[in-house]
Amino acid sequence: MRPPVTPLLVISLLTALLFPISSRASTEESRYFTAEPAADRVILTGFTRARATMKLTSLLTERIIEVKGDTGDRIGNDGVFARLDPSFAELDLQGIKIEQEKLISRIDYLENELRRYRTLFDKQSISEAKLDSLTQELDQARLTLRELQTEEQRLHEHLSRHLITGPAGWLVIARYAEPGEWVTMGTPLAEIGDFRTLLVPFAVSHAEYLRIKQGPEALSLRLPEEGLTVPAKLHTISPDFDPQTRKFNLELIIGTPLPAQRGGIRAELAIEMPEPGGALLVPASAVDKRYDTHWLTAADGEKVAVIVLGPGPEPQTLRVSGEGIEAGDKFLRTPADDRPADRE
């Protein structure tokens, strides 16, 4: 009588049958490799800088009474960097307000008089010319009040220009003014920059530019002095170029804040540029040397002569070139193992 077939026995039999097949397939695949294009790593160097800079200038000729920021300081939330003496502007504004009060009082008086004159005119106690004269005087007073109100707006604008302001959060790069100094219109008082976001400019060739543009959207910048690698993106591309170097400028924008948001930090961008001549990258073990000639063994066993150009970027790799071979071809990883003489 046959013993019963248990599930455990079935699993054991399947494992015994399938494992050698998958193991052989894996071993077979590991015998071959696919040649890849060899690339030359180019390191481009740039230095961080502010995303934008501007100069704060005086719009008036006046004396400085306060400077609120020094080199390296951050512009406050109110945006004020310096204040000019507003004394004369405030006096002018005060005088305009007094004139308006006087005129408003005059208008009230004329309006009451006009109402009284109209009553008298209805009773034919005064002439029409007298009523017209008072009406004209009231209209002129109202127009003069509007002129004074416009002048008040102008003085408010003039007074606001006594505050030298910039975008909040920007840093002072250079300060050119001191309290008590007399400045004229157009005098630069400071240079400020937006260091909250940093840019890195590079001068690149057309081939390097194409490599950057065709690469991944998220690039990486290495900051050797900071010991960091940070993500970056292509920000701007200049349409012009330098006729001497035949290069043009582009900018990368750093995507994450740095421990120190400042300019002058060295940044390196690595680009893998294809080597000319169709060089391939292969394992060093795949290159067999016989009679001063180097060979690769194709997957079908055919020997292909190659020229060794030098070591590859990774350990135990070589850069080679040869006629009739190209990227994507399969070769034996260790052809010496297939030689009968070596196995003996």
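Residues numbered from 1 in each chain as written. Predicted model: local features only at pLDDT ≥ 70, side-chain atom pairs only at ≥ 80, totals over all residues. Heavy atoms only, no water.

Participant: Mind showing me how you'd approach the environment of Arg161 here?
Facilitator: Tracing the backbone shows Arg161 in the loop between helix H3 (128–160) and strand E8 (163–165). Under the relative-accessibility criterion, Arg161 is labelled partly exposed at 36%. Through-space distance from the C-alpha of Arg161 to that of Leu84 is 8.3 Å; in sequence the pair is 77 residues apart. Those residues in contact with Arg161 that sit more than four places away from it in its chain are Leu59, Leu60 and Leu84. Looking at Arg161, its side chain comes within polar contact range of the side chain of Glu157, at 3.2 Å. (Helix = DSSP H or I, 4+ residues; strand = E, 2+ residues; numbered from the N terminus. Buried < 20%, exposed > 50% of the residue type's maximum accessible area, 1.4 Å probe, protein only. Contact = heavy atoms within 4.5 Å. Polar contact = N/O pair within 3.5 Å; in protein donor to acceptor, adjacent residues only side chain to side chain.)

Participant: Looking at this structure, how should I read the sheet that holds strand E11 (residues 188–193)?
Facilitator: Consider a sheet: its strands pair through backbone hydrogen bonds, and that pairing is either parallel or antiparallel. If you trace the 3 strands from one edge of the open sheet to the other, you get E5-E11-E9, paired in antiparallel fashion. Either end of the sheet is taken by a strand with one partner, and the two such strands are strand E5 (53–57) and strand E9 (171–175). For this sheet, the mean inter-axis angle between neighbouring strands, taken without regard to orientation, is 30 degrees. Here E5 pairs with E11 via 5 bridges, running antiparallel. Bridge pairing in E11 places Thr57 opposite Pro188. (Pairing = 2+ DSSP bridges. Axes fitted to C-alpha atoms, helices over the stretch in contact; angles between N-to-C directions.)

Participant: When you look at the pattern of salt bridges in this model, what are you seeing that I'm missing?
Facilitator: Where charged atoms of side chains with opposite charge meet at close range, the side chains can pair. Applying the stated rule across the entire model yields 17 salt bridges. One salt bridge in this structure joins Arg154 and Glu151, with 2.6 Å as the shortest N-O distance. Of this pair, Arg154 and Glu151 both sit in helix H3, separated by 3 residues, roughly a single helical turn. The class for Arg154 is partly exposed, based on a relative accessible area of 45%. A single network of salt bridges, built from pairs that share partners, joins Arg222, Glu225, Arg266 and Glu268. (Salt bridge = Lys/Arg side-chain N within 4 Å of Asp/Glu carboxyl O.)

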